[in-house]
Amino acid sequence: MAPYTLTYFPVKGRCGALKMILADNGQQLKENLVSIEEWMKGDMKGSCLFGQLPKFEDGDLVLYQSNAMLRHVGRKHGAYGKNDCEASLIDMMNDSVEDLRLKYIKLIYQEYDTGKGAYCKDLPKHLKPFESVLSKNKSGFLVGDQISFADYNLFDLLLNHKVLCSSSLDSFPALKSYVDKIAARPKIKALLECENFKKLPINGNGKQ
Ligand code: 0HH
């Protein structure tokens, strides 16, 4: 039996990074896909602690909130730093990834047609801090010398941004080589090439 179960909509959405960290650690994932029709019936929404998906189960542990899931898996599989200070820096970086993800989600679901140009123009301002951190850390990761859950999260969001604005990484050499390096990790490469993952749209409204 797969040790982990994920219940979510048939999109990459907030679960791309979670699938990446699990795959990279050789972990199996059982997926329950929820159609929008099923969700609209309301029963499942009512059963979710905060009325939203994803829901993640590790045995008897039930988690909501995608970043809590990343932290949980990171903690269990050695992707949460080597000490408390590294863990705090990883939290800081992941919070910044979440800030950018929220901007991205707002664009996709609320302002795509009117706001895409301005978003792409403004994007370098938001990518610059990540470029700065990565260009200083010779390991090629955000914190310390090993990959953390924040790296999978940033990598996932950068892939989305490459789809949104194809030139988004052009003036960021450290980010560009970071994306190439993580994409080349054998288990990540296999996930990105796997049909079940590839066929999922990034978002739920057809915008990307
Ligand atoms: N802070 C939460 C987290 O990080 C936010 C969860 C959230 O926004 O986990 N959940 C949304 C779905 S994520 C939700 O449950 C966005 C994907 C939308 C896909 C829509 C369906 C597509 C079907 C093809 N939304 C439902 C709701 O709030 O009722």
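Since this is a predicted model, take the numbers as computed values, not measurements. (Residues numbered from 1 in each chain as written. Predicted model: local features only at pLDDT ≥ 70, side-chain atom pairs only at ≥ 80, totals over all residues. Heavy atoms only, no water.)

(A) Geometry of the confidence of the model for the chain. Here the chain averages 98 in pLDDT, and 99% of its residues register 70 or above. Predicted complex, confidence summary: ipTM 0.96, pTM 0.98. (pLDDT = per-residue confidence, 0-100.)

(B) Summary view of helix α4 (residues 66-76). The buried fraction of α4 amounts to 8 of the 11 residues, a majority that puts the element mostly inside the structure. Within the sequence span of α4, burial applies to Ser66, Asn67, Met69, Leu70, Arg71, His72, Val73 and Gly74. Those residues of α4 that are buried lie in contact with α1 (16-24), β3 (55-58), β4 (61-64), α5 (84-136) and α6 (149-164). Count one or two residues on from α4 and you reach Gly78, which has phi positive near 70 degrees. (Buried < 20%, exposed > 50% of the residue type's maximum accessible area, 1.4 Å probe, protein only. Helix = DSSP H or I, 4+ residues; strand = E, 2+ residues; numbered from the N terminus. Contact = heavy atoms within 4.5 Å.)

(C) Representation of the site of the ligand within the structure. Residues in close proximity to the ligand total 14 residues, the closest being Trp39, Lys45, Leu53, Gln65 and Ser66. Arg14 places a side-chain nitrogen or oxygen 3.2 Å from an oxygen atom of the ligand. The contact in question runs from a nitrogen atom of the ligand to an N or O atom on the side chain of Gln65, over 2.6 Å. Notes on the ligand: free accessible area 730 Å², of which the protein chains cover 74%. Split into classes, the residues belonging to the shell around the ligand amount to 8 nonpolar, 4 polar and 2 charged. (Near = heavy atom within 4 Å. Polar contact = N/O pair within 3.5 Å; in protein donor to acceptor, adjacent residues only side chain to side chain. Areas by Shrake-Rupley, 256 points an atom, 1.4 Å probe, with all protein chains shown as cover. Nonpolar A, V, L, I, M, F, W, Y, C, P; charged D, E, K, R; others polar.)

(D) How the structure looks around the packing of aromatic side chains. Enumeration according to the criterion identifies 4 aromatic pairs in this entry. Their ring planes at 20 degrees and their centres at 5.3 Å tell us that Tyr4 and Phe56 sit as a pair that is stacked. Of this pair, Tyr4 sits in strand β1 (residues 4-8) while Phe56 sits in strand β3, placing them 52 residues apart in sequence. In this structure, Tyr4 and Phe56 share a single accessibility class: buried. (Phe/Tyr/Trp six-rings, centres within 6.5 Å; stacked < 30°, edge-to-face > 60°.)

(E) Representation of the pairing of β3 in the model. Side chains Phe56 and Asp58 project from β3 onto a buried face, and the interleaved Lys55 and Glu57 project onto a face without burial. Here 4 bridges tie β1 to β3, and the two strands are oriented antiparallel to one another. When the sheet's bridge partners are listed, Leu6 is paired in β3 with Phe56. In this structure, β3 lies alongside β4, joined through 4 bridges in antiparallel fashion. Residue pairing across strands places Phe56 opposite Leu63, the latter belonging to β4. The hairpin formed by β3 and β4 contains 2 residues between the paired strands, and Gly59 there has a positive phi angle of roughly 60 degrees. (Pairing = 2+ DSSP bridges.)

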